[in-house]
Amino acid sequence: MKHGKHSVTMKLILLTFAAIFSTVALCLVLNDTLLVRYYELSKQKTLGEVYVQINRLVMEEGGMGFAENTETAEQEENDSGSEDGKTEEGGENSGEQEGISEQLRLDLDILCEKFNITTVIVEDILSDSFRPQAIVKYFFGTGGKSSQDVAVIKDLIGDYFFPGYGEGVKEKKLELETEQYSIFSLYDSRMESKYIELVGFLQSGEIILMRSNVESMQESVKVANKFLVYAGLASAVIISGIMFFVSRRFTKPILKLADIAKEMSELNFDVKYTVGRKDEIGELGNSINVLSEKLEKTISELKSANNELQVDIERKTKADEMRKDFLSNVTHELKTPIALIQGYAEGLKDNINESAEEREFYCDVIIDEAGKMNAMVKKLLTLNHLEYGTTQIELSRFDLTTVIRAVLDKTEILAKQKDVTVRFEQKTPVYVWADEYMIEEVLTNYISNAFHHVDGANIIEVQMVPRGEHIRVAVYNTGSPIPEEELDNIWVKFYKVDKARTREYGGSGIGLSIVKAIMEAHNQSFGVKNHSAGVEFWFELDHTS
């Protein structure tokens, strides 16, 4: 099996590579251009959803309990900025411990950790002549909760309520604003990260700040792109290998079908598709098998029709030639007796003969030539009826021995005149099925032909030879054999092997044509064969006991 650059297998592999590479390239472009923005929009939606959940949890708790917290903002300021760096993690400041239940604190921590969000609940915002300060009461979720982290958060919250006071806040942009909260995107130079932040009020009155880091998304995109390239290359190699083996399973039967089609184009219809598949290729194979059978049958019919047409053309050509020959031969055969009749009749009319004997001779010639013409015309009519099927064959059971003896008896005088020995030794009856009148005509023509050509020992012999279900009648005469090249022509109308001799005894060349027509009408065999000292004509009939 060949796998060139134009093969289906190679095209499938190349298409697979192209599809995978195109998909990877499209994913890389989409990652670089749309993924970060999609991530930011997703984060904004998440912040809004988490805000709703926090608001619901706080309201179910009954508020944050700030009324019970008696500590001042200044005390918290001192606590958050103490030298020992005591953290507020886990809500260890006094307000957080006294303000909310342990369960609410745990629920809020879990919720913020789950979505990677840092959440700060602020009691109030104080401002002096230098900078605003936020009184942070609760800190939930990811990120550090050291005094430094709290200070950064306070600074950010202050910047929202007193714009311009926040240190390190850059590129702040309002993304979404509702009645309860606003969402911003910004860059914090102190943390060297980009954030999405939500600032708003809870239904209980507290200020809430929620922030999520999106800086890591850029790095994630780079890592994802690199992984996508490696994964694409690996997938291309693996899938191409799979495609190679899968395509072979489909191309192998297709190539087999192509070989079958090639054999069919060379008119070899013996090859068949034998793979028992149930899919489309199997259906195609079955269709090709059906096509092969129909083509074979059609071509066979066309050849038969062509042969029949060829035979018809040959028959027509032969018939035209025979018609021309027939007209020519009839004209030639009638020309001489007509000329003789005309000449002798004119002599009688002009009284050129003086004696009664001469006049009688003239009349005998006219009568003789007229008789020959009459006999020839009768034979032509008989032959015409036989060839065109207008003469009905009347089959009957009769004794062939009796018919042969009757024909020979008619030639007894002729045999004595020519000193011919006629032999026929059959004594017992031999019954056959045939048209008795026509078979008598065949025998008469054969025996008459034998008398005209007998020579040498001057013997004519008639025999009946059993041949299975048939009886063969053979008429043999001594004399010169017929030239081998002339044997097939002697059955043609007006054909004469020895024209001079035929003219001598007044033959017309029609007798053997009548024999042929009669035997073909009986669907029986006939023929002629040479012997060393003579010629044998024969025919066969159905023998019956």
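As a starting point, this report considers the structure included with it. (Residues numbered from 1 in each chain as written. Predicted model: local features only at pLDDT ≥ 70, side-chain atom pairs only at ≥ 80, totals over all residues. Heavy atoms only, no water.)

**With respect to unusual backbone geometry**
Part 1 of the argument: At Asn-458, a residue that is not glycine, the phi angle is positive and equals roughly 55°.
Part 2 of the argument: Considering the arrangement of structural elements, one finds Asn-458 in the loop between helix 11 (436-453) and strand 10 (459-467).
Part 3 of the argument: Overall, the relative accessible area of 18% leaves Asn-458 in the buried class.
Part 4 of the argument: Phi is positive for Asn-523, close to 55°, though the residue is something other than glycine.
Part 5 of the argument: Along the polypeptide, Asn-523 turns up in the loop between helix 13 (511-521) and strand 12 (526-531).
Part 6 of the argument: On the basis of relative accessibility, which here comes to 70%, the residue Asn-523 falls in the exposed class. (Helix = DSSP H or I, 4+ residues; strand = E, 2+ residues; numbered from the N terminus. Buried < 20%, exposed > 50% of the residue type's maximum accessible area, 1.4 Å probe, protein only.)

**Notes on the packing of aromatic side chains**
Part 1 of the argument: Applying the stated rule across the entire model yields five aromatic pairs.
Part 2 of the argument: Between the aromatic rings of Tyr-446 and Phe-537, the centroid separation amounts to 5.4 Å while the plane-to-plane angle is 45°, which identifies the pairing as tilted. With Tyr-446 in helix 11 and Phe-537 in strand 13 (residues 534-544), the pair connects residues that are 91 residues apart, well separated along the chain. Across the pair, Phe-537 and Tyr-446 agree in class, each one buried.
Part 3 of the argument: Grouped by ring-pair contacts, the aromatic residues Tyr-446, Trp-491, Phe-526, Phe-537 and Phe-539 constitute a single cluster.
Part 4 of the argument: One residue, Arg-211, lies across the ring of Tyr-195, its end atom 3.7 Å from the ring centre.
Part 5 of the argument: Here the guanidinium or amino end of Arg-397 rests over the ring plane of Tyr-431, the centre of that ring lying 4.1 Å away. (Phe/Tyr/Trp six-rings, centres within 6.5 Å; stacked < 30°, edge-to-face > 60°. Lys NZ or Arg CZ within 6 Å of the ring centre and 35° of its normal.)

**A few points about helix 9 (residues 400-410)**
Part 1 of the argument: What helix 9 keeps buried is the set Leu-400, Thr-401, Val-403, Ile-404, Val-407 and Leu-408. Viewed end-on, helix 9 has its buried residues packed into an arc of 165°, placing them on one side of the element. Among the exposed residues of helix 9, those oriented more than 90 degrees off its buried face are Asp-409 and Lys-410. (Arc of directions from axis to C-beta.)

**Details of the environment of Asn-116**
Part 1 of the argument: Mapped onto the secondary structure, Asn-116 falls in the loop between helix 4 (102-114) and strand 1 (118-127).
Part 2 of the argument: Looking at Asn-116, the relative accessible area reads 38%, which means it is partly exposed.
Part 3 of the argument: On a C-alpha basis, the gap between Asn-116 and Ser-212 in space is 6.5 Å, while along the polypeptide they are 96 residues apart.

**Some words on a nonpolar patch on the surface**
Part 1 of the argument: On the surface, a cluster of nonpolar side chains totalling about 390 Å² of accessible area is made up of Phe-21, Val-229, Tyr-230 and Leu-233.
Part 2 of the argument: Among the secondary structure elements, Leu-233 is positioned in helix 6 (residues 216-265). (Patch = residues over 30% accessible without salt bridge, like charges linked within 9 Å, V, L, I, M, F, W, Y side chains within 5 Å. Areas by Shrake-Rupley, 256 points an atom, 1.4 Å probe, with all protein chains shown as cover. Salt bridge = Lys/Arg side-chain N within 4 Å of Asp/Glu carboxyl O.)

**A closer look at the nonpolar core**
Part 1 of the argument: Counting 42 residues, the largest nonpolar core has Leu-400, Ile-404, Leu-443, Tyr-446, Phe-537, Phe-539 and Leu-541 as the members making the most contacts within it.
Part 2 of the argument: Elements supplying a minimum of two residues to this core: helix 9, strand 9 (431-434), helix 11, strand 10, strand 11 (470-478), helix 13 and strand 13.
Part 3 of the argument: Per element, the largest residue contribution to this core is eight residues, and it comes from helix 11.
Part 4 of the argument: Aside from chain neighbours lying at most four places away, what touches Ile-404 is Phe-424, Leu-443, Val-462, Met-464 and Val-473.
Part 5 of the argument: Grouped together as the second largest cluster of nonpolar side chains are 22 residues, Leu-108, Phe-140, Tyr-181 and Leu-198 included. (Core = buried A, V, L, I, M, F, W, Y, C linked by side-chain atoms within 4.5 Å. Contact = heavy atoms within 4.5 Å.)

**Quick word on helix 11**
Part 1 of the argument: Relative to the 26 Å expected for 18 residues at 1.5 Å per residue, helix 11 spans 26 Å between its end C-alpha atoms, a close match to the ideal helical length.
Part 2 of the argument: The set of residues buried in helix 11 consists of Met-438, Ile-439, Val-442, Leu-443, Asn-445, Tyr-446, Ile-447, Asn-449, Ala-450 and Phe-451.
Part 3 of the argument: Where helix 11 begins, one side-chain oxygen reaches toward the backbone nitrogen of Tyr-437, 3.2 Å away; that side chain belongs to Asp-435. (Expected span 1.5 Å × (residues − 1). Polar contact = N/O pair within 3.5 Å; in protein donor to acceptor, adjacent residues only side chain to side chain.)

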